[in-house]
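Observations on chain architecture
Residue-level listing of the chains:
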Amino acid sequence: MKNIYKNSQKSLDKAKILLKKNNVIGVPTETVYGLSGNAYSNKSIKKIYKIKKRPKKNPLIIHYYNIKKLKNDAYINSEFLKLYKKFSPGPLTYILKKKKNSEISPYANSNLSTIAVRFPKNRIIRKLLKILDFPLAIPSANISSGVSPVNAEDVVDEFGKKINFILDGGNSNIGLESTVINLVGRIKILRPGAISSIDISKILKKKIIFQKKIKRINSPGLLKKHYSPGIPIKMNCKRRDDNAAFIVFGRRYKDNKNIFNLSSKGSLKEAAKNLYKTLRKIKNLNYKKINVVKIPKHSIGIAINDRLKKASN
Ligand code: TXA
Ligand code: MG
């Protein structure tokens, strides 16, 4: 594909020039692919919302190379430091209080007093963040409410020619969006991900709760419909309905043209990595509905169930 650029110094230099000029480009991360723009530029941020057709009330995650670069934009606290040491760079997003004199575009955090920040681990996005003198706002690279992309071709599938530069980083290693944890006021998980509440509890030495209802903070991860391939999904199915694509998990299932196994060896990690790829494939094969078997609700299985539930609304 003409708009996909291989990992090289030349591609990184080109990406830097484009971002400096307020363009929006596709980038790999270890969770999912994202659409990135200069977080300090109103112009770039407005472009991101427009291309994604994203409601303006849904704030973006600001991505940094390291904590040093974050200090101008957010107040850090002791919980943040403990988690940062253990899990960053990696698939954990922190909600922190935004500094008054921060240069982050108010459009990027929907004018809230907080910002979401993440330090991605993928080595290509890290190389890019390192050579920039501004952080990047990076939402998942999909049209709002749809399935997130997990490779460069998926970004093309979502946006076609609207995005003319995508950095190629192969398949996203994790395949599901980062865990989002609120560290302002009561600590709670706003979106489950690869890093579980148990992992976090161990570090903070206290029980960590999930936010159940949408309150004032508008987290689209918490909006009812999301991550949807645009066709009905039924969860916890024992068998396949007529004409449906059947998403299964584990050894028990035979391969068959209507059966899509997320992990025949029964690994939840592998299932997470295959989930969005499978939903996109089924949609592009023109199935009209999807049945999914019961997926175990522990470790990253919690995040898989969360995404499927929202996709089935
Ligand atoms: O893994 C990820 O986090 C990916 C990759 C590209 O880094 N990004 C991602 O971004 O998933 P997005 O925009 O698709 O989801 C951002 C989530 C939303 O649920 C949003 O509501 C929440 O983060 N969020 C952002 N800022 C927030 C804030 N200030 N308070 C509460 N939630 C916030
Ligand atoms: Mg998203």
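That block above? That's the structure.
Residues numbered from 1 in each chain as written. Chains lettered and ligands numbered in written order. Predicted model: local features only at pLDDT ≥ 70, side-chain atom pairs only at ≥ 80, totals over all residues. Heavy atoms only, no water.

1. Remarks on the pairing of strand β6 (residues 92–98)
Looking along a regular strand, one sees side chains alternate from face to face of the sheet. Burial analysis of β6 places 6 of its 7 residues in the buried class, the great majority of the element. One ladder, built from 2 bridges, connects strand β5 (residues 74–75) with β6; its direction is antiparallel. Residue A74 lies in a different strand from β6, and its bridge partner there is K98. Bridging between β6 and strand β7 (residues 114–118) involves 5 bridges; their strand directions are antiparallel. (Buried < 20%, exposed > 50% of the residue type's maximum accessible area, 1.4 Å probe, protein only. Helix = DSSP H or I, 4+ residues; strand = E, 2+ residues; numbered from the N terminus. Pairing = 2+ DSSP bridges.)

2. Considering the packing of aromatic side chains
Under the definition given, this model contains 10 aromatic pairs. Taken together, the ring pairs connect Y64, F80, Y84, Y94 and F119 into an aromatic cluster. One residue, R307, lies across the ring of Y227, its end atom 5.2 Å from the ring centre. (Phe/Tyr/Trp six-rings, centres within 6.5 Å; stacked < 30°, edge-to-face > 60°. Lys NZ or Arg CZ within 6 Å of the ring centre and 35° of its normal.)

3. A word on the nonpolar core
Core analysis: the largest hydrophobic core is formed by 43 residues, its most contacted members being F80, L83, Y94, I181 and I200. Contributing elements (two or more residues each) for this core: α2 (42–52), α3 (67–70), α4 (78–87), β6, β7, α6 (152–159) and α7 (197–204). Ignoring anything within four residues of it in the chain, the contact list for F80 reads I67, L70, Y94, L96, F119 and L183. One finds Y227, A271, L279 and I295 within the second-largest nonpolar core, a separate group that totals 35 residues. (Core = buried A, V, L, I, M, F, W, Y, C linked by side-chain atoms within 4.5 Å. Contact = heavy atoms within 4.5 Å.)

4. A few points about the pattern of salt bridges
This model, assessed by the stated rule, comprises 9 salt bridges. For R280, the salt bridge identified is with E158, shortest N-O distance 3.1 Å. Taken together, the residues span a long stretch of sequence, with R280 in helix α8 (residues 268–284) and E158 in helix α6 at a distance of 122 residues. Judged by relative accessible area, E158 falls into the buried class, the value being 16%. Salt bridges sharing common partners tie together D154, D157, E158 and R280. (Salt bridge = Lys/Arg side-chain N within 4 Å of Asp/Glu carboxyl O.)

5. Notes on helix α1 (residues 9–20)
Helix length check: α1, at 12 residues, gives a terminal C-alpha distance of 16 Å against a target of 16 Å (1.5 Å per residue), a fit within 8%. Considered for burial, the residues of α1 that qualify are S11, L12, A15, L18 and L19. Along the axis of α1, the buried positions cluster into a sector of 125 degrees, meaning they face one direction only. The outward face of α1, more than 90 degrees from its buried face, is lined by the exposed residues K10 and K20. The first or second residue beyond α1 is N22, which carries a positive phi of 70 degrees. (Expected span 1.5 Å × (residues − 1). Arc of directions from axis to C-beta.)

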